[in-house]
Structures are given as structure tokens and as C-alpha cells.
Amino acid sequence: MTFAELLEQVGSMGHFQIIHVMLLVLPILLMASHNILQNFTAATPRHHCHIAVVANYTCNDNFTDLLACQELLRVSIPMDVNQQPEKCLRFISPQWQFLLDANATTTNGSEMDTEPCQDGWIYDRSVFTSTIITEWDLVCHSRTLKQLAQSIYMAGVLVGAMVFGSLSDKFGRKSLLIWSCLQMAITSSCAAFSPNFTTYCVFRFLTGMALSGINLNCMSLSVEWTPTKHRAAVSMVTGYSYSIGQFILAGVAYAIPNWRWLQLAVSVPYFIFFFYSWWVTESARWLATAGKLNQALQELQKVARINGRKEDDKLSVEALRASLQKEISSVKSIHTAADLVRTPSIRRISCCLCFVWFSTSFAYYGLAMDLQNFGVSIYLIQVIYGAVDIPAKLIGFFVISFIGRRVTQASALILAGLAILSNIFVPQDLQTLRTLLAVFGKGCLAASFNCAFLYAGELYPTVIRQTGMGFVNTLARVGGIVAPLVRMTSEYLPSLPLIIYGVAPIVSGITTCFLPETRNMPLPDTIEDVESLRRCNGALTSVRMCVILLQGVVSRWGSIFNGFLL
């Protein structure tokens, strides 16, 4: 009897599994609120140098004499090429001639003596009353600190993936989930009270670490308690919870325009998650492979009672040991990160998943963290970005369930890459089409993320599953850190960022073809289980499938794109 058969014996997808999944998706619900929180807490409003050209008169963001301030602005701040006030320059002395000649303009700050802002900045607070940008003046020469803060957060997510992935394989999923929820609640709340930028970055780093622990352990606990035939549905539910979280973030950010209160609003719920996580049931699969048979038996019997099964009295330590003899024997070996590359099949899985996770995160955050450049309401774009996940993940669910994980993963990545590359050939004046392609690409990447969590959890065996998940999450966070830096390449070639963002997922989609299919397959518990599947998933079959998939995707996308242009 395998563990999958034991799950069927204690109730399959019964009341316990439904309650269990519901409890685990709630922390995931607010993950989007932290991953892309800086779209709102670090939004950069319109700004220009502070003006004080008349004694005892200061024109600030709370002025009441609008006309007088406009005149002062004209004589004090040069205009850029778009006839908007320069953000980082001001005239050394007032240019009163602009008041005498209504047609006098200057579109180049170098035409007259200018200097950098000396007395601070005035910010447009019509949308955001306060952000970390306005509070600590992260503009002009300090503008790169905004991207630095996001990179530090993603670095924390990376470190958390490495640390909590290995620790949960050693100490269990439940213990690390409890700790991660507590760390998230404390550090993210403390970030709201940060007195300076450095302290803010430290707390954001620790918040990122905690988020990785919550993400990894929630996914593993939901997968390991779910029967094989229901794993795709559970994966879709957890994926949709993240999508709904994007809607929640847009609504909460709209209602709370102050960054400190917004930061606190998305942090306090994790105290609730911490308290009820003590009642989350530890993975019986992990307990068995860790040699804790008595605890595994107690958890299985509890699940059987909740599911209304009377057969729980047939379970015993001896029966459990006999059923899971192979898995228990694997405990005698000490498993480390080196097991991810020690054997041929695991090594191939790890290498392919590296490409998949890196490129998915790389392209996703390249699109998702630049909402202000769309030229419309940032709240509307956030809602659209969240809305596209609903059909994308629904389609992904049906493809995952009826065709397979490999096809879904490869198709989503290749289509995302083609959508991003297509924007290179779309004229700038066709802004609607460019936005549609970006939204479509983001939807494909969301479906790719949804599939990747399920696929990686099914590919790695139980004894190194969290280590493997932590490893691929590490690569994903590296992609998230690198993504903002790629924007700098536009100084050399305007289309270069899109080329890089587009090529990466296409290459990863091709490497996905070399992974084994896991649809309707029981979860592997040992490394030997994975190696035994090698004969059924040869490289030749993968190459053939890859060629067929590429032909179909390229042909289909070509017809869609031609239709747009016509």
C-alpha cells in the first residue's frame, strides 16, 4: 500500500482536506500584498523643487492661493521637453521676465543658470498622501533607492527560500509555518513604524524571508495531504487566492493612501494566521519518512475521524510500517542539497526547473513592478493585472488536468515570451495593443507560476521536496532581483529589455520539454522512485513533444498576431 492509497483509506478529499486547504490559502491570499506592495507604498508622485522666492512666503503642497503659486512656479522652475516642471532642477535666481512676457518659455534647463533642488521637494498628494518616496525624498539623485528597497526585499525572499526549504525538511512543515507567520507579522508591522530608510529595508528583508517560509510550507502541506487526482484542483485554488490578493491590494491601497497605515493593514492579519497555525495538521507523509510513525499514525487516525471514516481502527504502527517500508528505509540516509544533483533524473529535473522558475519570476516582475508607466490609474492597472489571472489560471487548470503539467508549463512560458517580444514590433502610438499584449503575457506568466508550484512539488520526492522547492524558489527570487536591473539596458537600446524579458521564458519553455510528465502519477517519496520513472520518460519522447509543441504554439500565435495587425 502506498501513501496515496492510505489517503484514500482515510477519506480521500473529505471534510478534513477542504478545511485544511482553506486554512492554508488564507496566508497566501495576502502574499501579493507584500510582493507588489511597493507599487503603492513606493509610488513616485509628480514633484518639483521647493519654492521660496519671496520673503515670508512659501509655496508648498498645502497652498491655498493656486494662481500665485503657479506664477511662482513659472519663474522658479524650468520646464522639460513636455512643458512640465523639471523634477530635479530650479533656477538659481527667479526669472521674472516670464511674468512680463506670456509667450516666453524655456524647454531646456541649461539655457539659464540652474541648480539641483536645495530645499527639498513639493509633491502632488492628490493620489498618495504619503509614500516612502515623499517621506524620505527618494527622488532625483536618490531615486535608485526605490529599486534598491525592492531588490532587498526580494533578496530576503531568496534567503528565506534557501533557509526555510532545508529547515522544513528537517524539522517539519508545521513548525516552520508557525515561525514564518510570527516573523511575517512582527517584521512587516515593524516596517510600518520605520524611522528611516535603512531600518525600513532591514524589516523588508526579514519580511521577505518569512514570506518564503509561508509560501513553501503552505504549498507542501496542501499537496501532501491531497489525493493524486485532486492536486490540480487544490493548486488552482491556491493560485486563485494569490490572484484575489491582487484585487484586495488594489482596494486596500485605494482606501488607505498613507503608506504606513497601508503597510500595517496588510501585516496585522498574519498575527491571526500565527495563532491558528498551531492547529494545522502536520504532514503524515513527512512524519513517516522522518521515522515518526506514532505521530504519523495519530494524524492519519484524526483525519479519518474528521472525514467520517470508520476504518481508522485498522490503522496501526505495524500496518503503517509495512505499507511505507520503502519510504521509512530512506530515513537511514542523510539527505542534503547535494541530492538535487547526485542522480541523473533528479539532476535533470533540478536543471530544467532552474530555468523555469528563474525566467517565470524574471519576466513576471519585469512586467508587474512598473505599473506607473502605463499612463493611467495605477489602481485600475492593478485590477486588470489581477483580473487576467482568472481566465489564465482557469485555462491552465483544464490543461493541467486533462493534458498534463509539461504541456501547460511549456505553453505558458513560450506564449508569454512571444507576447513580450511582439511588443517590440508594435508602434508606440498603439498603446491599447501594447497594453493588451503586456496583460496577456502577465496572464501566461501567472499560469506558469501556478503550474510550477504543483509541478515542482510532484517532481521532487518527499525526502528532498522542501529542499528542492527552496532551491527553485531561490532561482525565482534571483530572477526577481535581476528584473529591475534589466530596465537599465534601455539606455543602450530601447527594445533590449523586452528582448531579454521575452527570450528568457521561451528558452525555459523549451527546457520544460525534457521534464517527465506527472499527471495521474503518485507523489514520489524517495529518490529511487524518481529514478525508476526514467525508463517511462525518455529524452527522445521529450524532444518529439517539444518539437510538436513549438510548431503548434508558433503557428497559433502567428495567426493571432497577424489578426491584430490587420
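Residue numbers here run from 1 along each chain, matching the order of that chain's written sequence. Local features in a predicted model are, by the rule used here, given only for residues with pLDDT of at least 70; side-chain atom pairs are given and counted only at 80 or more, and totals for whole chains, interfaces and linings are based on all residues. As a rule here, side-chain values cover all heavy atoms of the structure and leave hydrogens and water aside.

1. Concerning the overall build of the protein chain
So, point 1. Helix and strand definitions here come from DSSP, where helices need a minimum of 4 consecutive H or I residues and strands a minimum of 2 consecutive E residues; each element is numbered from the N-terminal end. When helices and strands are counted, the protein chain shows 27 helices and six strands.
So, point 2. For every residue, the accessible area (1.4 Å probe, protein chains only) is compared with the maximum for its type, and the residue is labelled buried under 20%, exposed over 50%, or partly exposed between those bounds. Within the protein chain, buried positions represent 57% of all 566 residues.
So, point 3. Contacts are assigned to residue pairs with any non-hydrogen atoms lying within 4.5 Å of each other. For the protein chain, long-range pairs separated by at least 24 residues make up 81% of all intrachain contacts whose partners lie at least 6 apart in sequence.
So, point 4. Values of accessible area rely on a 1.4 Å probe in the Shrake-Rupley scheme; residue burial ignores everything except the protein chains shown. Surface exposure of the protein chain reaches about 24000 Å², of which carbon and sulfur atoms provide 65%.

2. Regarding the layout of surface pockets
So, point 1. There is about 710 Å³ of room inside the second largest pocket.
So, point 2. Put plainly, a pocket is an open set of points on a 1 Å grid over the protein atoms alone with protein on both sides within 12 Å along at least five of seven lines, a cavity is a set where a 1.4 Å probe fits but cannot get out, and a lining residue has an atom within 4 Å of a point. Lining the second largest pocket are 21 residues, with Asp 370, Gln 428, Arg 434, Arg 487 and Leu 498 positioned closest to its centre.
So, point 3. Looking at the lining of the second largest pocket, the elements with two or more residues in it are α19 (344–368), α23 (431–459) and α25 (496–512).
So, point 4. At four residues, α23 tops the list of elements feeding residues into the lining of the second largest pocket.
So, point 5. Nonpolar residues are Ala, Val, Leu, Ile, Met, Phe, Trp, Tyr, Cys and Pro. Charged residues are Asp, Glu, Lys and Arg, and all others, Gly as well, are polar. Looking at the lining of the second largest pocket, its residues break down into ten nonpolar, eight polar and three charged. Grid points are joined across faces, edges and corners, and a volume is the space filled by probe spheres set on the points.

3. Considerations on helix α20 (residues 378–387)
So, point 1. Among the residues of α20, Ile 378, Tyr 379, Ile 381, Gln 382, Tyr 385 and Gly 386 are the ones counted as buried. Projected down its long axis, α20 shows its buried positions confined to an angular sector of 165 degrees, all on one face.
So, point 2. Against the buried residues of α20 lie α4 (38–41), α11 (231–255), α19, α21 (389–402) and α23. The directions from the helix axis to the C-beta atoms are what the arc is built from.

4. Remarks on the pattern of salt bridges
So, point 1. Counted as salt bridges are all cases of a side-chain nitrogen of Lys or Arg within 4 Å of a carboxyl oxygen of Asp or Glu. A full pass over the atoms with the stated rule returns three salt bridges.
So, point 2. Arg 260 is the partner of Glu 135 in a salt bridge, and the nearest nitrogen-oxygen pair spans 2.4 Å. Residue Glu 135 is located in helix α7 (residues 132–136), and its partner Arg 260 is located in helix α12 (residues 259–265); the two are separated by 125 residues in the primary sequence.
So, point 3. Residue Glu 135 is classed as partly exposed on the basis of its relative accessible area of 33%.

5. Overview of the environment of Ala 338
So, point 1. Among the structural elements, Ala 338 can be located in the loop between α17 (325–329) and α18 (339–342).
So, point 2. Using a relative accessible area of 36% as the deciding quantity, one classes Ala 338 as partly exposed.
So, point 3. Taking the C-alpha atoms as reference, Ala 338 lies 9.8 Å from Thr 467; in sequence the two are 129 residues apart.

6. Section: a nonpolar patch on the surface
So, point 1. Together, Phe 355, Tyr 492, Leu 493, Ile 499, Val 503 and Val 507 line one region of the surface with nonpolar side chains, adding up to about 560 Å² of accessible area.
So, point 2. Residue contributions to the nonpolar patch peak at three residues, all from α25.
So, point 3. With respect to the helices and strands, the residue Tyr 492 is situated in the loop between α24 (465–486) and α25. Patches here are clusters of residues that have more than 30% relative accessible area and form no salt bridge, with a 9 Å joining cutoff for like charges and a 5 Å cutoff for nonpolar side chains (Val, Leu, Ile, Met, Phe, Trp, Tyr).

7. What about the packing of aromatic side chains?
So, point 1. We call Phe, Tyr and Trp rings a pair once their centres come within 6.5 Å, taking the six-membered ring for Trp, and we label the pair stacked below 30 degrees between planes, edge-to-face above 60, and tilted otherwise. Under the definition given, this model contains 20 aromatic pairs.
So, point 2. On the basis of an interplanar angle of 90 degrees and a centroid distance of 5.6 Å, the ring pair of Tyr 200 and Trp 259 is categorised as edge-to-face. Linking Tyr 200 in helix α10 (residues 197–224) with Trp 259 in helix α12, this pair joins segments that are 59 residues apart in sequence. You'll find Tyr 200 and Trp 259 in the same group, each marked buried.
So, point 3. Ring geometry for Phe 273 and Tyr 276: centres 5.9 Å apart, planes at 70 degrees, overall edge-to-face. Residue Phe 273 and its partner Tyr 276 are located together in helix α13 (residues 269–276), separated by three residues, close to a single helical turn. An identical accessibility class is assigned to Phe 273 and Tyr 276; each is buried.
So, point 4. Clustering of aromatic rings is evident, with ring pairs tying together Trp 357, Tyr 364, Tyr 365, Phe 449 and Phe 453.
So, point 5. One residue, Arg 204, lies across the ring of Tyr 153, its end atom 4.1 Å from the ring centre. By the criterion adopted, a ring carries a charge over it if an Arg CZ or a Lys NZ lies within 6 Å of its centre and within 35 degrees of its normal.

8. Quick notes on the nonpolar core
So, point 1. Core analysis: the biggest nonpolar cluster contains 91 residues, and Leu 353 and Trp 357 have the highest contact counts within it.
So, point 2. Leu 353 has contacts with Ala 456, Leu 459, Tyr 460, Val 472 and Leu 515, leaving out every residue within four places of it along the chain.
So, point 3. We define a nonpolar core as any set of buried Ala, Val, Leu, Ile, Met, Phe, Trp, Tyr and Cys residues linked to one another through side-chain atoms lying within 4.5 Å. Counting residues in hydrophobic clusters, the runner-up holds 21 residues, among them Leu 73, Trp 121, Ile 133 and Ala 191.

9. Brief notes about the packing of α19 against α24
So, point 1. Here α19 crosses α24 at 35 degrees, and the two axes come no closer than 7 Å. Regarding α19 and α24, the two cross each other, and that crossing is right-handed.
So, point 2. Residue composition of the contact of α19 with α24, by class: 15 nonpolar, six polar and one charged. What counts as an axis is a line fitted to C-alpha atoms, over the stretch in contact for a helix, and the angles between N-to-C directions run from 0 to 180 degrees. Crossing handedness is read from the near helix: turned anticlockwise from the far helix by less than a right angle, it gives a left-handed crossing, and turned clockwise, a right-handed one.

10. Some words on empty space enclosed by the protein
So, point 1. Inspection of the entire model under this criterion finds four cavities of 30 Å³ or more.
So, point 2. Breaking the lining of the largest cavity down by element, the ones donating at least two residues are α3 (31–35), α10, α11, α19, α21 and α23.
So, point 3. Ranked by the residues each element gives to the lining of the largest cavity, the list is headed by α11, at five residues.
So, point 4. Within the lining of the largest cavity, the residues separate by chemical class into ten nonpolar, seven polar and three charged.

11. A short note on the UniProt feature "transmembrane region" (unreviewed entry) in the protein chain
So, point 1. UniProt positions are given in the numbering used here, feature names are shortened, and annotations may be inferred rather than shown by experiment. With numbering matched to this structure, UniProt assigns "transmembrane region" (unreviewed entry) to residues 16–37, 176–196, 233–255, 261–279, 349–367, 379–403, 410–427 and 433–456.
So, point 2. Across residues 233–255 one finds 100% helix and 0% strand; the C-alpha atoms that close the span lie 33 Å apart.

12. Side note on the confidence of the model for the protein chain
So, point 1. Residue-level confidence of the predictor, termed pLDDT, takes values from 0 up to 100. With 79% of its residues at a pLDDT of 70 or more, the protein chain shows a mean pLDDT of 78.
So, point 2. When mean pLDDT is compared element by element in the protein chain, α12 scores highest at 92, while helix α27 (residues 539–565) scores lowest at 49.
So, point 3. Confidence over residues 538–543 falls short of pLDDT 50; this stretch has six contacts with residues more than four positions distant or in other chains.
So, point 4. The low-confidence segment residues 560–566, where pLDDT is below 50, has three contacts with residues more than four positions distant or belonging to other chains.

13. What to know about unusual backbone geometry
When glycine is set aside, most residues are seen to have a negative phi, and most peptide bonds are trans.
So, point 1. The phi dihedral of Asp 137 is positive, around 55 degrees, even though this residue is not glycine.
So, point 2. Inspection of the secondary structure assignment puts Asp 137 in the loop between α7 and α8 (144–171).

14. What about the state of the cysteines?
So, point 1. What counts as a disulfide here is a pair of cysteine sulfur atoms lying within 2.5 Å. Taken as a whole, this structure holds zero disulfides when the rule is applied.
So, point 2. Not part of a disulfide, Cys 218 finds its nearest cysteine sulfur in Cys 181, a span of 6.3 Å.
So, point 3. Here Cys 354 stays unpaired: no disulfide links it, and the sulfur of Cys 351, its closest cysteine neighbor, is 6.2 Å away.

15. Structural notes on the side chain of Gln 246
So, point 1. Structurally, the position occupied by Gln 246 is in helix α11.
So, point 2. Its relative accessible area of 1% is what places Gln 246 among the buried residues.

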